[in-house]
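Inside the fold
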Amino acid sequence: IPGHVKLYSFEPSGENIKLISDDPIETFTFTPDGRVVYLLYDYDRIDNENGELWIMNQDGSSKKQLTFHQFVISYE
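On a predicted model such as this, the values are computed, not experimentally measured, just so you know. Each chain carries its own residue numbering, running from 1 in the direction its sequence is written. With the structure being a predicted model, the display of local features is reserved for residues of pLDDT at least 70 and the display and counting of side-chain atom pairs for 80 or more, all residues being used for whole-chain, interface and lining totals. Processing note: side-chain calculations cover all non-hydrogen atoms of the structure and skip hydrogens and water entirely.

**Focus on the environment of Phe-68**
For the record, the criterion: By the criteria applied, helices consist of DSSP H or I runs no shorter than four residues and strands consist of E runs no shorter than two, each listed in order from the N terminus.
Residue position: Phe-68 is located in the segment after β5 (64-65). Sequence separation between Phe-68 and Leu-53 is 15 residues; the distance between their C-alpha atoms is 8.3 Å.

Right, dumping it as structure tokens:
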């Protein structure tokens, strides 16, 4: 998806680059304990996961949805 953020981890030396998320992420931040909170957002769709906050470990494991919305699409 053009323009979405891909998250990588790497050593301070710049070595061992590893892709930890290729999800359509709009923005992210780190928690005090080092986990990553991110906004899952894909401009091509709206659903119960897209447009929500998620959290994961720095290595990309243990992804968990933090917010939940009920989207209703209306064509009025």
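Read on, since the account is not over.
**Notes on the pairing of strand β4 (residues 52-56)**
So the rule is basically this: Relative accessible area decides the class of each residue, using a 1.4 Å probe on protein chains only: under 20% of the type maximum gives buried, over 50% gives exposed, and in between gives partly exposed. By the convention used here, strands pair only if DSSP detects at least 2 bridges between them.
For β4, the tally of buried residues reaches 4 of 5 residues, placing the bulk of the element in the interior. Of the pairings in the sheet, the one linking strand β3 (residues 36-40) to β4 comprises 5 bridges and is antiparallel in character. If you follow Tyr-38 over to β4, its bridge partner there is Trp-54. Here β4 runs beside β5; their pairing, made up of 2 bridges, is antiparallel. Within β5, the position partnered with Trp-54 by the bridge is Gln-65.

**Quick look at the sheet that holds β5**
Strand order in the open sheet made by the 5 strands is β1-β2-β3-β4-β5, with antiparallel pairing throughout. If you trace the sheet from one side to the other, it starts and ends with β1 (5-9) and β5, each paired once.

**Focus: unusual backbone geometry**
Here Asn-16, not a glycine, exhibits a phi torsion of approximately 60°, which is positive. Structurally, the position occupied by Asn-16 is in the loop between β1 and β2 (18-30). Owing to a relative accessible area of 56%, Asn-16 belongs among the exposed residues under this scheme. One non-glycine residue, Ser-62, adopts positive backbone phi at about 55°. Looking at the element boundaries, Ser-62 is found in the loop between β4 and β5.

**Some thoughts on the packing of aromatic side chains**
Going by this rule: A pair of Phe, Tyr and Trp rings is counted when the ring centres sit within 6.5 Å of each other, with Trp represented by its six-membered ring. The angle between the planes then sorts it: under 30 degrees is stacked, over 60 is edge-to-face, the rest tilted.
Considering all chains together, one arrives at 1 aromatic pair under this definition. Between the aromatic rings of Phe-28 and Phe-30, the centroid separation amounts to 5.9 Å while the plane-to-plane angle is 90°, which identifies the pairing as edge-to-face. Taking relative accessible area as the criterion, Phe-28 reaches 37% and is therefore assigned partly exposed.

**Points about the confidence of the model for the protein chain**
Operational definition: One number per residue, pLDDT, summarises how confident the predictor is, and it ranges from 0 to 100.
For the protein chain, mean pLDDT is 84; residues scoring 70 or higher make up 87% of the total. Within the protein chain, β1 has the poorest average pLDDT of any element, 84, and β5 the best, 95.

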